[in-house]
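Here's the letter readout for the chains.
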Amino acid sequence: MRFGIIGTGMVGRTIADKLVALGHEVTLGSRTKDNETGLAWAEQAGPTGHAGTFADAAAFGEVVLNATSGTVSLAALRAAGAERLAGKLLVDISNPLVFSAEGEVSLDPVNTDSVGEQIQREFPDAKVVKALNTVTAPLMVEPGRLAGEHNLFIAGDDAGAKAEAVALLGEFGWPAESVIDLGDIAGARGMEMLMPFWLRLMRSFGTAEFNYSIRRAQ
């Protein structure tokens, strides 16, 4: 398949590397065609890896993944263009983290809204599925780095798009039974609100290589 990734940060490049390794074709999108990070990634990725603008990535991808910071996601997707996202699965990996001068973290939006919902409202013809935002980038594409069963969460309005997202997660190594469906896109609120807690855990553990394992009564 062809994938467009919006964002050239660690998350975007990690997922792009995995998709290319799986035999897919990827365009990594940034604000400008001459973005040094994007061009360097494309050069090392080989013939199935490309670099371009946000619009180039969105036009190229049969599936589009938003790997930008949540505070700039809407602007990046506007640059990508609503017409290039229409009808496609749009996997939103973003987190709307806002850091104070003292290093304390808050979220914007929070409580009554989420980036996932904002994206779905602004791009109603896209099929937005929130996923992968609750783990560090290496675990997104290699869950076997942690022993035992652990979980991911998804949320979205379109059942078919969520099934497509679960299949993609399966390619990354996540068993379908480890993916917990939180319902419609409003479920993105809880997924994003996990992140301040996740950051506290990271500081306590001294590593980002951990995840949640949900246990239910039999």
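Residues numbered from 1 in each chain as written. Predicted model: local features only at pLDDT ≥ 70, side-chain atom pairs only at ≥ 80, totals over all residues. Heavy atoms only, no water.

Turning our eyes to something else, we now look at the pattern of salt bridges. Taken as a whole and judged by the stated rule, the model has eleven salt bridges. Arg121 serves as the salt-bridge partner of Asp113, at 2.7 Å between the closest nitrogen and oxygen. For Asp113, a relative accessible area of 15% corresponds to the buried category. (Salt bridge = Lys/Arg side-chain N within 4 Å of Asp/Glu carboxyl O. Buried < 20%, exposed > 50% of the residue type's maximum accessible area, 1.4 Å probe, protein only.)

Here the focus is the nonpolar core. Counting residues in hydrophobic clusters, the biggest one holds 35 residues, and the most contacted among them are Ile5, Ile15, Leu19, Leu65, Leu132 and Phe172. Per-element tally for this core: the top contributor is helix H8 (residues 159-171), with five residues. In contact with Leu19, other than residues within four places in its own chain, are Phe3, Ile5, His24, Val26, Leu65, Leu168 and Phe172. (Core = buried A, V, L, I, M, F, W, Y, C linked by side-chain atoms within 4.5 Å. Helix = DSSP H or I, 4+ residues; strand = E, 2+ residues; numbered from the N terminus. Contact = heavy atoms within 4.5 Å.)

Turning our eyes to something else, we now look at the pairing of strand E5 (residues 89-92). Judged by which residues are buried, E5 turns out to be covered on both faces: Leu89 and Val91 on one side and Leu90 and Asp92 on the other are all buried. In this structure, strand E4 (residues 63-66) lies alongside E5, joined through four bridges in parallel fashion. The residue of E5 that forms the bridge with Val63 is Leu89. With four bridges joining them, E5 and strand E8 (residues 127-131) adopt parallel strand pairing. The partner of Val91 across the bridge, within E8, is Val129. (Pairing = 2+ DSSP bridges.)

With omega at 10°, the peptide bond leading from Asp108 into Pro109 counts as cis. Relative to the assigned elements, Pro109 resides in the loop between strand E7 (105-107) and helix H6 (115-122). A positive phi angle, near 70°, is found at Asn111, a position not held by glycine. Looking at the element boundaries, Asn111 is found in the loop between E7 and H6. Judged by its relative accessible area of 53%, Asn111 falls in the exposed class. In this model, Leu132 sits at a positive phi of 70°, which is unusual for a non-glycine residue. Mapping Leu132 onto the fold places it in the loop between E8 and helix H7 (137-141).

Next up on the list: the packing of helix H4 (residues 73-80) against H6. Running from N to C, H4 and H6 point in directions that differ by 30°, and their axes come no closer than 10 Å. Taken together, H4 and H6 sit at an angle that is classed as roughly parallel. When you trace H4 past H6, the crossing you get is right-handed. Listed contacts from H6 to Ser73, Leu74, Leu77 and Arg78 of H4 are Val115, Gln118, Ile119 and Glu122. Split by residue class, the contact of H4 with H6 holds four nonpolar, two polar and two charged. (Axes fitted to C-alpha atoms, helices over the stretch in contact; angles between N-to-C directions. Parallel < 35°, antiparallel > 145°, perpendicular 65-115°, else oblique. Left-handed = near helix turned anticlockwise from the far one by under 90°. Nonpolar A, V, L, I, M, F, W, Y, C, P; charged D, E, K, R; others polar.)

This is a description of form; function is not addressed.
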